[in-house]
Amino acid sequence: MRLEIRRSESTTLRFQRKDAAGSVIMDKPDDIFFTVKKHYEADQPSIQKKLSEGGILFDASTGWYRIELTPEDTEGIPFGTYYFDIKMRNGQRERYIKYMTELEISATVTEVMG
């Protein structure tokens, strides 16, 4: 799977956590991290959103999580292929919700026309 977003446009990512039987997990973990890096071994993320800091929103009535990527998140990032993952932390336990996936940051028509 590959995700493409346009720089300077808003994008919303939504997901639910589910157990092995496919039932939605309604318990809110201590934290969830959405991290984007140019290279998966890079020390510093290009974008990072955290549940604990309000960058990831949780709807306790439905179990849906929402990550809003704003124009400000991508405006200084060069076009190209990046990698992202989503990791959950609950106490001392960490678990990936979404393993490393490609993210393409592309231009809008206006940016291409220059």
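If you're wondering where the values come from, they're calculated on a predicted model, not measured in any experiment.

**Observations concerning unusual backbone geometry**
Right, so step 1: Look at Ser8: it is not a glycine, yet its phi comes out positive at around 75°.
Right, so step 2: For Ser8, the position within the fold is in the loop between strand 1 (2-6) and strand 2 (11-16).

**Thoughts on the sheet that holds strand 6 (residues 64-69)**
Right, so step 1: In space, the 3 strands of this open sheet follow the order 2-6-5, with antiparallel pairing throughout. The open sheet has two free edges, formed respectively by strand 2 and strand 5 (56-59), since each of these has just one partner strand. The mean angle between the axes of side-by-side strands here comes to 25°, regardless of whether they run parallel or antiparallel.

**So, the pattern of salt bridges**
Side chains that carry opposite charge are capable of pairing whenever their charged atoms lie near each other.
Right, so step 1: Summed over the entire model, instances satisfying the criterion amount to 8 salt bridges.
Right, so step 2: Note that Glu4 and Arg6 form a salt bridge whose closest N and O atoms lie 3.6 Å from each other.
Right, so step 3: Relative accessible area serves as the criterion here: at 38%, Arg6 is assigned to the partly exposed category.
Right, so step 4: Several salt bridges converge on common partners, so that one network encompasses Arg2, Glu102 and Glu104.

**Some remarks on the pairing of strand 3 (residues 31-37)**
Right, so step 1: By the criterion of burial, strand 3 is predominantly enclosed, with 7 of the 7 residues buried.
Right, so step 2: Burial along strand 3 is two-sided: Asp31, Phe33, Thr35 and Lys37 and Ile32, Phe34 and Val36, pointing in opposite directions, are all buried.
Right, so step 3: Here strand 3 runs beside strand 7 (residues 80-90); their pairing, made up of 7 bridges, is antiparallel. Note on strand 7: the bridge partner recorded for Phe34 is Ile86.
Right, so step 4: Looking at chain direction, strand 3 and strand 4 (residues 47-50) are connected through 4 bridges and run antiparallel. Its bridge partner being in strand 4, Val36 is matched across the sheet by Ile47.

What counts as what
- Residues numbered from 1 in each chain as written.
- Predicted model: local features only at pLDDT ≥ 70, side-chain atom pairs only at ≥ 80, totals over all residues.
- Heavy atoms only, no water.
- Helix = DSSP H or I, 4+ residues; strand = E, 2+ residues; numbered from the N terminus.
- Pairing = 2+ DSSP bridges.
- Axes fitted to C-alpha atoms, helices over the stretch in contact; angles between N-to-C directions.
- Salt bridge = Lys/Arg side-chain N within 4 Å of Asp/Glu carboxyl O.
- Buried < 20%, exposed > 50% of the residue type's maximum accessible area, 1.4 Å probe, protein only.

So, to be careful, I would describe these as geometric facts and stop short of saying anything about function.
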